[in-house]
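Coordinate inspection notes
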Amino acid sequence: MDTSRLGSPTVPVSPHPHEDLLAHLARTAALAPGEAARVVAEVLAYFSETTEEYVRRRHGELQARGLTNDRIFARLGAELAARRVAAPELSVRQLRRLVYG
C-alpha cells in the first residue's frame, strides 16, 4: 500500500475513486494507466452536464448542422430520455425556454 509521510504518523494515500474501472480499461482496451484516467475523466465530465447545459450545447450543435428547431427539439427529447442519468421529461416549451430563456 502506498503511504506518504504527513508529520509523524504514516497516512495511506487514498486510491483513485475509479481505480477498478481504470484497471479494467487498461486491461481490456490496451490503454496506458494515464490514458485510461483521461478517458474516465472525459466520460465523467460529459455526464456531469446539467440538463440545461446539455440542451443548450446540443441545440447549438444541431442548429449548426442546419436542423430546424422542430427537428432539434424532438431529437433533444429523445436524447434526454436515453441519457445515462435520465433527465426529467421536458416539453417542447420547456426545451425552448432552456435555449432562449
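Attention here is on the structure that accompanies the text. Predicted model, so just to flag it, every value in this text is computed and none were measured. (Residues numbered from 1 in each chain as written. Predicted model: local features only at pLDDT ≥ 70, side-chain atom pairs only at ≥ 80, totals over all residues. Heavy atoms only, no water.)

Attention shifts here to helix 4 (residues 69–82). With 14 residues, helix 4 should reach 20 Å at 1.5 Å per residue; the first-to-last C-alpha distance of 20 Å fits that figure. Within the sequence span of helix 4, burial applies to I72, F73, L76, E79 and L80. Down the axis of helix 4, the buried set is contained in an arc of 125 degrees. They therefore lie on one face. More than 90 degrees from the buried face of helix 4, the exposed residues found are D70, R71, A74, A81 and A82. On its buried face, helix 4 is in contact with helix 3 (51–64) and helix 5 (92–100). (Helix = DSSP H or I, 4+ residues; strand = E, 2+ residues; numbered from the N terminus. Expected span 1.5 Å × (residues − 1). Buried < 20%, exposed > 50% of the residue type's maximum accessible area, 1.4 Å probe, protein only. Arc of directions from axis to C-beta. Contact = heavy atoms within 4.5 Å.)

On the surface, V39, V43, Y46 and F47 cluster together into a nonpolar patch covering about 320 Å² of accessible area. Looking at the element boundaries, V43 is found in helix 2 (residues 33–47). (Patch = residues over 30% accessible without salt bridge, like charges linked within 9 Å, V, L, I, M, F, W, Y side chains within 5 Å. Areas by Shrake-Rupley, 256 points an atom, 1.4 Å probe, with all protein chains shown as cover. Salt bridge = Lys/Arg side-chain N within 4 Å of Asp/Glu carboxyl O.)

Just distances and angles here, no functional claims.
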